[in-house]
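# Examining the three-dimensional arrangement
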Amino acid sequence: MSTLTDLFSMRIGVSRRAVFVEETEDGFRVMVSYEKLPAREPFQLVTYSGMTIEEILASMGIEKESVYYVLSPAHYFRSRMHFPFTDLQKIEGVIEYEIRDFLPVTGPDCVTDFYLVGNEAQAFSVERDRIRSLFESFGRYRENLRAVIPEDVALYHGMQALIEADGYMLLQIAKRSVYIQYVEECRIVDGSLIEFHEDEEITDKRLRQNLPPHLIMCAKLSGKPFVWISRTSTENEELYEITEDLLEELNVSFSPVRVKNIGRYYPGIKNFDYSALSLFGAVQETCSAPREQVNLLKNEFKPRAKGYVSVREFMVVGILLICLFALGTVSLIFDIGFRKQQVSALKKQIEEIGRSTFGSTVVDETDARKRVSEVMDKIK
């Protein structure tokens with residue numbers, strides 16, 4: 001329960017930093033970065049194991065900072081739906097009913113969000129129980145959680161910022177998994193996850209059974225797409241080598257993700273940690289237009305407004321107040337000057353009336369009454 005003090009308290013900071021979190025095969029990867037880019041300082045990246053999200057945030061001294069969570073592809077459903085209209089509000093009103101026919105589960109109780117490409121909705125759905133479980137893992141930091149972002153969308157934004165390509169295939173190689181994303185004409189066409197369990201041996205055979213079908217499907221859709229490779233772990237040399245060998249056998253062009261554009265967002269940075277690609281993409285999404293964002297905290301999970309004011313916002317408000325004060329002062333000065341001119345003109349008119357009536361200047365009311373009395377005496 002929030003107290004009255006909590007509801008009205010505001011913290012003013014030197015900058016607005018945020019925390020971006022994603023679950024890994026062994027724990028959590030956490031990135032601290034400015035919410036808006038370009039940033040004045042490089043991001044900070046730390047991997048934690050054997051700790052809950054609540055314990056991690058507590059150890060970081062988190063108070064009012066925003067937290068963004070990147071959800072693994074294994075925990076949500078992806079759909080592409082066409083509508084006969086492009087009105088955003090209309091689609092929001094019907095998509096939760098329409099999506100039921102596209103989900104691989106019966107009677108789903110899901111939260112759905114989407115972004116539009118023309119009249120095609122790129123929809124992402126997560127079961128409500130998954131969101132509730134996530135809230136529980138945040139504990140007392142539940143109010144800090146501002147968005148749950150599908151990894152598809154985070155990777156898409158990150159890749160668009162780094163390579164600026166409309167069509168490509170991305171292989172993100174983790175310690176015991178390979179995630180495959182295919183993008184064409186600024187929309188996510190397909191996304192698949194190949195996982196190896198802890199007790200399962202990473203074999204060339206298993207990868208050959210799963211990876212080629214996706215490559216062949218993408219090739220049929222758009223010829224031979226260029227493949228970008230991103231590694232999120234240095235402990236996956238075997239998986240990386242098998243993947244490269246397979247791509248060479250299939251005669252597919254590939255390359256590690258390049259970082260030539262990273263300086264735009266973090267000036268001065270020289271080395272980019274590719275394990276941060278999803279989290280970097282999540283930062284990019286916070287900077288993108290609302291129509292391009294996907295946040296699975298919808299309906300009853302929608303985050304509340306919080307009392308946080310950054311120095312930049314405080315300075316903007318302060319400057320506006322100073323401008324208003326200056327305008328008011330200038331207006332008052334002009335008004336005083338105008339009134340002085342009116343008083344001066346009235347005095348001149350009174351002096352002229354006094355000279356024409358009494359033959360001399362009337363100084364004040366008493367003098368005028370005395371002159372009038374003298375004239376009445378003369379009349380009598």
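This one's a predicted model, so the numbers in the text were calculated from it and none came from an experiment.

Further remarks concern the sheet that holds strand 5 (residues 66–71). Strand order in the open sheet formed by 5 strands is 4-3-2-5-9, with mixed pairing between adjacent strands. The open sheet has two edge strands with one neighbour each: strand 4 (44–48) and strand 9 (145–150). Across the sheet, the mean angle from the axis of one strand to that of its neighbour is 20°, orientation sign disregarded. In this sheet, strand 5 lies alongside strand 2 (residues 17–23) in parallel orientation, the contact comprising 5 bridges. Pairing of Val21 across the sheet is with Tyr69, part of strand 5.

Core analysis: the biggest nonpolar cluster contains 66 residues, and Tyr69, Phe138, Tyr168, Tyr266 and Phe280 have the highest contact counts within it. Per element, the largest residue contribution to this core is 8 residues, and it comes from helix 5 (residues 151–163). Non-local contacts of Phe138, meaning those with residues more than four positions away in its chain, are made with Ile53, Glu54, Leu57, Val67, Tyr69 and Leu145. Core analysis: the next-biggest nonpolar cluster, separate from the first, contains 19 residues, Ile173, Ile194, Leu246 and Leu247 among them.

It is worth spelling out the confidence of the model for the chain at this point. Of all residues in the chain, 88% have pLDDT values of 70 or greater, and the mean over the chain is 81. Scored below 50 in pLDDT, residues 1–15 shows 24 contacts in the model against residues more than four places distant or in partner chains.

Now for the pairing of strand 9. Every regular strand shows the same layout, with side chains that alternate between the two sheet faces. The element strand 9 is extensively covered by neighbouring structure, given that 6 of its 6 residues are classed as buried. As judged from the 5 bridges shared by strand 5 and strand 9, these two strands associate in the parallel manner. Directly across from Val70, in strand 9, lies its bridge partner Ile149.

Reading guide: rules and limits
Residues numbered from 1 in each chain as written. Predicted model: local features only at pLDDT ≥ 70, side-chain atom pairs only at ≥ 80, totals over all residues. Heavy atoms only, no water. Pairing = 2+ DSSP bridges. Helix = DSSP H or I, 4+ residues; strand = E, 2+ residues; numbered from the N terminus. Axes fitted to C-alpha atoms, helices over the stretch in contact; angles between N-to-C directions. Core = buried A, V, L, I, M, F, W, Y, C linked by side-chain atoms within 4.5 Å. Buried < 20%, exposed > 50% of the residue type's maximum accessible area, 1.4 Å probe, protein only. Contact = heavy atoms within 4.5 Å. pLDDT = per-residue confidence, 0-100.

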